[in-house]
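Notes for the structure review
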Amino acid sequence: MSDLGRDTVELLQQLIRGEAVNDGAPDGGGEHRQVETLLRYFEGSGLEGVTVEPHPGRTSLVVRIEGTDASAPALALVGHTDVVPVEPAGWSRDPFAAEIVDGVVWGRGAIDMLNLTAAYAAVTRRLAVEGFRPRGDLVFAAVADEENGSRFGVEWLTEHRLDLIDADYVLTESGGAHAGPRPGITVMVGEKGGAGRRLRVTGTPGHGSAPWGARNAAVLAAEAVVRLSRHRAPAVITPQWRDYARALDLDAETTAALVDADRIDDVLPHLGALAGFAHASTHTTVSPNVVRAGEKGNVIPGEATVQLDIRVLPGVSREDVEGQLRDALGDLLEHIEIEGDWFGEATLSPTDTPLFDALGSAVRRVHPGAELLPMLGVGGTDGRFYRRRGIPAYGFGVLSERWDYGTFRRLFHGNDERIDVASLELTVTALDDVVRTFHDPGGSARARRIDGPERTDSRKKATT
Ligand SMILES: [Zn+2]
């Protein structure tokens, strides 16, 4: 293994042991421990970091290596340091011990995304130690709170300290899995947007001993949940999904159905582990995730709430979401008020950029003949805060051949999260390559800033 690979493995172990579990509570997370680890790691490299702490313990660290040419584009490597909670009973090993067994590192965060955060830090440190001067700025950001919407992380930094994390191009999670038998490495070029809505259901309270004919809010809420989960919204075949479906190399009939909006729902039941992802990649999804009703065992509840997790494809508007909810709920709306108006559009980065080219050449160096497969993520990452300002952000990594996309996805937020050391070596080698290619004074003549009007406007907004 290379020094860079060894560094990445060791740092990943320390970050897993940092146990920065983000349970959604403001005082959770404890990312300050991760920042202390990283500051120790950078000691002696000559790099100086800036830390911010929007809430006690919710610390982020930003390190910037200044470029030699102020007009050259800046590249940011943005890694979150928090992880989601675990259900220890479902794990075969201690989720925070970071054991290495048969060449595999086990632990919460091993693929989401302490692996990448460690690799970004290792690349940044090595470049600094070597005295490498990038043409444009190189930014390493180790950020808090990604797993709960980034209120104390990139969202806060975007609103209050854009100067620290701003860049012209961004790499973040997630990517690097193999799409199918042909060498295709996934790169996340965009992600679905979201809408938060809550159903407030009103019934009539009464005595639990005589339920017949009662307008029980819990029963109405249950009916709403069932209608939402059975509702068939129309499918949309995005260009990213079309390419991905073809790369899977399934039989011709299944592939044809997968890229046909009228037929995809019929093949979903036959797709196995891929089904949920295939559905989410082609539909606006509505998942009723928090349902509350009732206070007391003998009282019919007069009120219930249902919190919905709604994810939208590119081009879907706030009005489309509201229309879909109305269609699904139908006459139940007599008892239901839809609350909330937050809406975040899906985001997508162009792929005709010098950074995307650099990703392609780095991947081909480790997997000869491999092609990049641009994908739309169905979850959320910090990439969206950059894409919304017109800045290309890609989810990038390179995993070993044992990682198909189904396996990769299952371990995200799942039990027994782990990564093989070989993948860490591949990823850090490719990242090092990407940064050098993108920032090499001789090789990046093609690198250019993207200065659309959209970008200039949103920048102004972000700093006021
Ligand atoms: Zn993540």
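The residue numbers shown here count from 1 along each chain, following its written sequence. At least 70 in pLDDT is required for a residue's local features to be given in this predicted model, at least 80 for side-chain atom pairs to be given and counted, and no such filter applies to totals for whole chains, interfaces and linings, which use all residues. Hydrogen atoms and water are omitted, and side-chain values are computed over all heavy atoms in the structure.

**Let's talk about the side chain of H80**
Tracing the backbone shows H80 in strand β3 (residues 75–80). For H80, a relative accessible area of 1% translates into the label buried. Counted as a polar contact is a pair of N or O atoms within 3.5 Å, where, for protein atoms, one must be capable of donating a hydrogen and the other of accepting one, and residues adjacent in sequence contribute only when both atoms are in side chains. A polar contact of 3.0 Å, which involves the side chain of H80, links it to the backbone oxygen of D82. In this structure the side chain of H80 is engaged in a polar contact, spanning 3.3 Å, whose partner is the side chain of E146. Once you skip the residues sitting within four places of it in the chain, H80 turns out to touch D112, M113, L114, T117, V143, E146, E147, E173 and D382. By the criteria applied, helices consist of DSSP H or I runs no shorter than four residues and strands consist of E runs no shorter than two, each listed in order from the N terminus. Throughout, exposure labels follow a simple rule: accessible area from a 1.4 Å probe, protein chains only, divided by the maximum for the residue type, with under 20% read as buried, over 50% as exposed, and the rest as partly exposed. Contacts are assigned to residue pairs that have any heavy atoms within 4.5 Å of one another.

**A short note on the pairing of strand β2 (residues 60–65)**
Of all six residues that make up β2, five are buried, and the element is covered over most of its length. Bridging between strand β1 (residues 49–52) and β2 involves four bridges; their strand directions are antiparallel. The residue of β2 that forms the bridge with T51 is L61. Pairing of β2 with strand β6 (residues 138–143), which is carried by five bridges, proceeds in the antiparallel orientation. Paired with V62 across the strands is A141, a residue of β6. Only strands that DSSP links by at least two bridges are regarded as paired with each other.

**A few points about the domain arrangement of the chain**
Residue ranges for the domains trace back to a domain assignment, done automatically or taken from a database. For the chain, the domain assignment lists domain 1 (3–190 + 346–463) and domain 2 (192–344). Computed over C-alpha atoms, the centres of domain 1 and domain 2 are 31 Å apart. Residue-level contacts link 20 residues of domain 1 with 18 residues of domain 2. Buried area is a sum: the accessible area each of two parts loses on coming together, probed at 1.4 Å, counted once for each and added. Carbon and sulfur atoms make up 65% of the surface buried where domain 1 meets domain 2, a total of about 1,600 Å² over both sides. The salt bridge definition used is simple: a Lys or Arg side-chain nitrogen within 4 Å of an Asp or Glu carboxyl oxygen. Inspection of the domain 1/domain 2 interface yields zero salt bridges. Taken together, the connections running from domain 1 to domain 2 amount to one residue pair in polar contact (both at pLDDT 80 or more). Going through the elements one at a time, β9 (184–191), β18 (371–377) and α14 (405–411) are the ones with two or more residues in the side of domain 1 that touches domain 2.

**Let's talk about helix α6 (residues 217–230)**
An α-helical turn contains 3.6 residues, so any two residues separated by three or four positions project in the same direction. An expected span of 1.5 Å times one less than the residue number is assigned to each helix. Compared with an ideal rise of 1.5 Å per residue, which puts 14 residues at 20 Å, α6 spans 20 Å between its outermost C-alpha atoms and is within 8% of the ideal. Those residues of α6 that fall on the buried side of the exposure criterion are A217, L220, A221, A224, V225 and L228. Take α6 and look down its axis: the buried residues cluster within an arc of 140 degrees, on one side only. What points out from α6, more than 90 degrees from its buried face, is the exposed set V219 and R230. The inward-facing, buried residues of α6 contact β10 (193–202), β12 (285–293), β14 (303–312), α11 (318–329) and β15 (336–339). Near the N-terminus of α6, the side chain that reaches the backbone nitrogen of A218, with its oxygen 2.7 Å away, is that of N216. Think of the arc as the fan of directions from the helix axis to the C-beta atoms.

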